[in-house]
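Read off the chains here:
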Amino acid sequence: MTSLTAESAMYRVAIGGAYRNIPGSVWFSIAVTWAMAYVLWEVSDLQNLLAWAVSLTIVNLGRFAYARQRIRSADFLDNPQREGRNMTLGLLTTGVGFALGYYWFAVHAPAVEQYAVTAIHVGLCAGAAIVLTGCRAAFLAYSVPLITVATATMLWCAMIEGDGLRGVVGLMLVLYVFGVMMYQTQAEKSLLFNIRLRFEKDELLARKDELLAELHVLNRELSADRDAFQTASLTDGLTGLANRRHFDRTLNREWDRCRRDGTPFACIMLDIDYFKPYNDRYGHMAGDDCLRTVASMIATTASRGGDFAARFGGEEFVVLLPGTDVQGASLLAERIRAMTEERAIPHAGGCTDRVVTLSAGVAALTPGDRFPSAQSLVDLADEALYQAKKRGRNRVVVRDFDDDAV
Ligand code: GH3
Ligand code: MG
Ligand code: MG
C-alpha cells in the first residue's frame, strides 16, 4: 500500500469514527440547549428564547437524521472528504447557534447566569475536542464561535463594567482555548498514529502471507532440485544407468539383505570386446553411441524387481541379482551377450565376429562366513570375466561357489 492511500484510508477511519459519535452527541447538544434556556429563563425575553431553543433543537434533530442516514447508507465513506465537509457544516451551524444564544441572551444577563452559560460553553468545547478527535476542521467550526463569544463577552464586560473577576475568567478562557487546542492536536496525532499502526500491522500480515507463499514455492523448488541433484549424483551421465557410487552402495545393502535372508546373490560383470579398436576406427562419438546401445540392452534385460544394472567404468558394466542363483544369472548373462551379438553393431576392427560383442563373468554365492564381504562376489565375477576374455571373448564364464558357502 502506498503512503498516499494509507493517508486517505486513515482520514476515512478518523471521519468514520467521528461520524458515528454524531447521533449520540446530538442528544447531548439538545439537552444542553434546553439547559441553557433554563438558566436564562428568568432573564430573557421568553418568546425569543423559546424560538432560539426550538430552532437549535430542530437543527440538531436534522443533524441527527442526516448522520443516521449517512452511517446506514451503502456508500458511507465512499467519499470521506464530502462526508467530512458535511459534518463540519452541521457542526458549524450548531456552534454558531450556541454562540448566537449566548450573544442574544447571556451578554446582558446578570453575572451568575453569564458564568453558568459560560461554563456550559466551556463544557461543550471540551466535549467537542473529545468527540471530534481526528477532525480538526469540524472541531474548530463548532468550538471557535461558541468559545469566542463567551471569552469576548467576559473580557468586554470586564472592561466596560470594571469587573476584575470576569477579566480573570476571560483570561482563563483564553488559556483554556490554548489548552484545548493543544489537547486536540495531541489526541489527533495519537489517533492517527494508532490508525497508522493498524494499517502497518495489516500490511505486515499481508506481507507475511506473501512471504510464506514465496517460501513454500522456494521450498518446493529446492526439494525438486535436491531430488534432481540426488538422481544425477547416482546416475551415469552417458548411459543413464546407475553409476559406480550407486553401485557401491547397492552392493553392500543387497549383500547384507541376502545374508540376513540366507538367499543367493549373483553378480554379472560385462565388458565390451575390443572396444579400444572400435573407438580407434569409428571415433569416440560412435564409441559413446555403442556404449549407450549396450547399456540400454542390459537395462531392458535385467529389469526384474531387485535387478540392478550399473556402469562399472569405461566399457564395463555390472549387474547385481539379489535372490538369484547361478543358473538364473548365467541365463541372463547369456541373454545379454546374445542380444548384443544379434544387434550386429558393425565392428570391422574386432578380431572375432566383425560385430560388437561382449564377454561376461558370472558369480553367485550365499553370503556367509566364508565370504564375509561383498567385494569377494565382485572379485569372483571379475575373475570369471577374465577367464571369458582369455578363452576367446564373446562368451559367458560362470563361477559358482554356492555349494561351498557356509
Ligand atoms: P578387451 O576386449 O580385452 O576388453 O579390449 P578392449 O579394447 O575392450 O579393452 P581396453 O581396456 O584395452 O580398452 C577399453 C577402451 O574403452 C579404452 C577407452 O578408450 C574406451 N572407453 C572407456 N570409456 C569410454 C567412454 O566413455 N567412451 C568411449 N567412446 N570410449 C571409452
Ligand atoms: Mg575393460
Ligand atoms: Mg573391453
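Everything that follows concerns the structure shown earlier in this document.
Residues numbered from 1 in each chain as written. Chains lettered and ligands numbered in written order. Predicted model: local features only at pLDDT ≥ 70, side-chain atom pairs only at ≥ 80, totals over all residues. Heavy atoms only, no water.

*Asks:* Run through the overall build of the protein, naming residues and quoting values.
*Replies:* For the protein, the count of helices and strands is 11 helices and 5 strands. Taken over the C-alpha trace, the protein has a radius of gyration of 50 Å; the compact-globule value for 406 residues is 22 Å, which it surpasses by more than 25%. In terms of overall dimensions, the protein has a C-alpha envelope of 140 × 50 × 35 Å along the principal axes. Residue burial in the protein is summarised as follows: out of 406 residues, 45% are buried. Partitioning the contacts of the protein with sequence separation of at least 6, the portion at a separation of at least 24 is 73%. Counting only carbon and sulfur atoms, one obtains 60% of the accessible surface of the protein, whose full area is about 21100 Å². Side-chain charges in the protein split into 41 positive and 45 negative, and the spacing between the mean points of these groups amounts to 2 Å. (Helix = DSSP H or I, 4+ residues; strand = E, 2+ residues; numbered from the N terminus. Rg over C-alpha atoms; globule rule 2.2 N^0.38 Å. Buried < 20%, exposed > 50% of the residue type's maximum accessible area, 1.4 Å probe, protein only. Contact = heavy atoms within 4.5 Å. Areas by Shrake-Rupley, 256 points an atom, 1.4 Å probe, with all protein chains shown as cover. Lys, Arg positive; Asp, Glu negative; His and termini not counted. Charge placed at Lys NZ, Arg CZ, Asp CG, Glu CD.)

*Asks:* An account of the pairing of strand β2 (residues 308-313) is requested, with residue identities and associated values reported.
*Replies:* Most of β2 is tucked away: 5 of the 6 residues are buried. In this structure, β2 lies alongside strand β3 (residues 316-322), joined through 5 bridges in antiparallel fashion. Across the sheet, residue glycine 313 finds its bridge partner in β3, namely glutamate 316. In this structure, the hairpin formed by β2 and β3 is closed by a connection of 2 residues, where glycine 314 is found at a positive phi of approximately 50°. (Pairing = 2+ DSSP bridges.)

*Asks:* Describe in detail helix α8 (residues 275-282), supporting the description with residues and values.
*Replies:* The set of residues buried in α8 consists of Phe275, Tyr278 and Asn279. Viewed end-on, α8 has its buried residues packed into an arc of 95°, placing them on one side of the element. Away from its buried face by more than 90 degrees, α8 exposes Lys276, Asp280 and Arg281. Where α8 is buried, its residues touch β1 (265-272) and α9 (284-301). (Arc of directions from axis to C-beta.)

*Asks:* I'd like a rundown of the coordination of the magnesium ion (ligand 2), residues and numbers included.
*Replies:* In this structure, Asp271 (OD) and Glu315 (OE) serve as the protein donors to the magnesium ion (ligand 2), at separations of 2.2 to 2.6 Å. For aspartate 271, a relative accessible area of 7% translates into the label buried. (Donors = N, O, S within 2.8 Å, 3.2 Å for Na, K, Ca; no water.)

*Asks:* Any chance you could break down the coordination of the magnesium ion (ligand 3) for me, citing the residues and the numbers?
*Replies:* Here the magnesium ion (ligand 3) is held by Asp271 (OD), Ile272 (O) and Glu315 (OE), and the distances to it run 1.9 to 2.2 Å. Separating the magnesium ion (ligand 3) from the magnesium ion (ligand 2) is a distance of 3.6 Å, and aspartate 271 supplies a donor atom to each of them. Residue aspartate 271 shares its accessibility class with isoleucine 272, and that shared class is buried.

*Asks:* Lay out the site of ligand 1 in plain terms, naming residues and giving numbers.
*Replies:* For ligand 1, the set of nearby residues contains 18 residues, the closest of which are Tyr274, Phe275, Asn279, Asp288 and Arg311. A distance of 2.8 Å is found between an oxygen atom of ligand 1 and a backbone nitrogen or oxygen belonging to lysine 276. Within the backbone of histidine 284, one N or O atom sits 3.1 Å away from a nitrogen atom of ligand 1. Here ligand 1 has 650 Å² of accessible area as a free molecule, and 68% of this is covered by the chains. Elements with a contribution of two residues or more to the shell around ligand 1: β1, α8 and α9. Here the shell around ligand 1 is built from residues that sort into 6 nonpolar, 4 polar and 8 charged. (Near = heavy atom within 4 Å. Polar contact = N/O pair within 3.5 Å; in protein donor to acceptor, adjacent residues only side chain to side chain. Nonpolar A, V, L, I, M, F, W, Y, C, P; charged D, E, K, R; others polar.)

*Asks:* An account of the pairing of β3 is needed here, citing residue identities and associated values.
*Replies:* Regular strands have side chains that alternate between both faces of the sheet. For β3, the buried fraction is high: 6 of the 7 residues fall into the buried class. Taken together, the 7 bridges between β1 and β3 define a ladder with antiparallel strand orientation. In the sheet register, isoleucine 268 faces β3, and the bridge partner there is valine 319.

*Asks:* Explain the environment of valine 397 to me, and be specific about the residues and the numbers.
*Replies:* Tracing the backbone through its elements, the reader meets valine 397 in strand β5 (residues 396-400). Measuring from C-alpha to C-alpha, the distance between valine 397 and valine 362 comes to 6.1 Å, with 35 residues separating the pair along the chain. When neighbours within four sequence positions are excluded, valine 397 is seen to be in contact with Ala360, Gly361, Val362, Ala384, Gln387, Ala388 and Arg391.

*Asks:* With reference to specific residues and values, describe the nonpolar core.
*Replies:* In globular proteins that are soluble, nonpolar side chains generally tend to be buried together. Within the largest apolar cluster, 45 residues are counted, with the highest numbers of intra-cluster contacts made by Leu40, Trp52, Met87, Phe98 and Tyr102. Mapped by element, the contributors of at least two residues to this core are α1 (3-40), α2 (46-72), α3 (80-106), α4 (111-131), α5 (136-161) and α6 (164-234). By residue number, the principal contributor to this core is α1, which donates 10 residues. Filtering out sequence-adjacent residues up to four positions away, phenylalanine 98 remains in contact with Ser29, Val32, Thr33, Met36, Trp52, Leu56, His121, Leu124, Tyr142 and Leu146. In terms of nonpolar packing, the next biggest core, distinct from the first, is built from 29 residues, Ile268, Ile272, Tyr278 and Leu332 among them. (Core = buried A, V, L, I, M, F, W, Y, C linked by side-chain atoms within 4.5 Å.)

*Asks:* For the environment of aspartate 78, give the residues involved together with the corresponding values.
*Replies:* Along the chain, aspartate 78 falls in the loop between α2 and α3. Sequence separation between aspartate 78 and leucine 40 is 38 residues, and the spatial gap between their C-alpha atoms is 43 Å.

*Asks:* Give a detailed account of the side chain of threonine 250, specifying residues and quantitative values.
*Replies:* For threonine 250, the position within the fold is in helix α7 (residues 244-261). Every residue in contact with threonine 250, bar those within four places of it in the chain, is listed here: Phe308 and Leu320.

*Asks:* Just give me the short version of the packing of α3 against α4, but keep the residues and values in it.
*Replies:* It is the contact of α3 with α4, at a shortest axis distance of 11 Å, that shows an interaxial angle of 175°. In terms of axis orientation, α3 runs roughly antiparallel to α4. Residues Phe98, Ala99, Tyr102 and Ala106 of α3 pack against Gln114, Val117, Thr118, His121 and Leu124 of α4. Of the residues that constitute the contact of α3 with α4, the class distribution is 6 nonpolar, 3 polar and no charged. (Axes fitted to C-alpha atoms, helices over the stretch in contact; angles between N-to-C directions. Parallel < 35°, antiparallel > 145°, perpendicular 65-115°, else oblique.)

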